[in-house]
Amino acid sequence: MRLTLLLATASALRAPVSRRHALFGGSAALVALPRAAPALVKGSAPPPRTKGGAQKRTCRDIDECEALGEKRTAEQFGEEMPFSTTAEGVRWRDVAEGAGGDAVKRGDAVRFKYRVMRLGKRATDNLSGEASPVFSLGYGEDDDSEKDFLSARVGGGQLIPALDSAIVGMRPGGRRRLFVVPEKGWKKINSSCSAESNGASNAGDASAGLADIAGQAIVPLAQMVDNGACIEDALLPQPANFGAKRRLARRFDEGLLLEVEVLAK
């Protein structure tokens, strides 16, 4: 009986040590722990299909889905699509072709509405991408109505050179985008735009490389030009209100995007 009691006591004393060894000291116990599932080596799985599987999956991984998204964005904004150039060097592209009627030719009196816009970040070809408006007519966006339009004679010296060139060949109902460089748009090309001739002058006499009496570097100041003397305000289209005129005054010397829509007579 004494031997049985001694064996039971020894077993009880060894039990905590065995459990401790199993938890922290035993390599066999560590091997038995569950391991994390292996990660995907290449890319990630695309999102699951919509409920019921009604929508068919068009890409197999994230890389392919991103490439497909970029392609669709390019198609939406017309990026990297073919464009044409007039004999005068104006770049244009049709957004919508006219449904019918005679094509516009020089000497025709044309009715049209338009949007003048700044180029957006996506405008890799100067004809596409997101754009912010400068002024417009015929769309109800600039103190006008959708019934408003402009009328002018093509080739009669009434339109800015870019529009006078690119509107030729359009048909009623068609919409065309053209890239307007300043010299073919609203910037005058004569001596009236120089600081010496329009009364404006440099705000200082600083020159590069000099320093003032305190030893501070002097930065040469740009010539100040009177915008009113440089903006072409006799050719169409022109902004109709003060806010639109101010926007054009800030942008007349940069390339702009003009979208024109020819109306039926």
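Look above for the structure.
Residues numbered from 1 in each chain as written. Predicted model: local features only at pLDDT ≥ 70, side-chain atom pairs only at ≥ 80, totals over all residues. Heavy atoms only, no water.

## Thoughts on the nonpolar core
It is characteristic of soluble globular proteins that their nonpolar side chains tend to be buried jointly. Within the largest apolar cluster, 34 residues are counted, with the highest numbers of intra-cluster contacts made by F112, L163, I167, L178 and W186. Elements that contribute at least two residues to this core include exactly β3 (109-118), β4 (133-137), β5 (150-153), α4 (161-166), β6 (175-180), α6 (242-251) and β7 (256-263). Those residues in contact with F112, other than ones at most four positions away along the chain, are F149, L150, A152, L159, L163, I167, V260, E261, V262 and L263. (Core = buried A, V, L, I, M, F, W, Y, C linked by side-chain atoms within 4.5 Å. Buried < 20%, exposed > 50% of the residue type's maximum accessible area, 1.4 Å probe, protein only. Helix = DSSP H or I, 4+ residues; strand = E, 2+ residues; numbered from the N terminus. Contact = heavy atoms within 4.5 Å.)

## Considering the pattern of salt bridges
One pass over the full model with this rule turns up 11 salt bridges. A salt bridge links E88 to R106; its shortest N-O distance comes to 3.6 Å. Remark: R106 occurs in the loop between β2 (91-96) and β3 and E88 occurs in the loop between β1 (84-85) and β2; sequence separation between them is 18 residues. We classify E88 as partly exposed; its relative accessible area is 40%. Of the charged contacts, one joins E259 and R175 as a salt bridge, the two residues approaching to 2.9 Å between their closest N and O atoms. Of this pair, E259 sits in strand β7 while R175 sits in strand β6, and the two are 84 residues apart along the sequence. Judged by its relative accessible area of 26%, R175 falls in the partly exposed class. Put simply, R115, E141, R175, R177 and E259 are held in one network by salt bridges that share partners. (Salt bridge = Lys/Arg side-chain N within 4 Å of Asp/Glu carboxyl O.)

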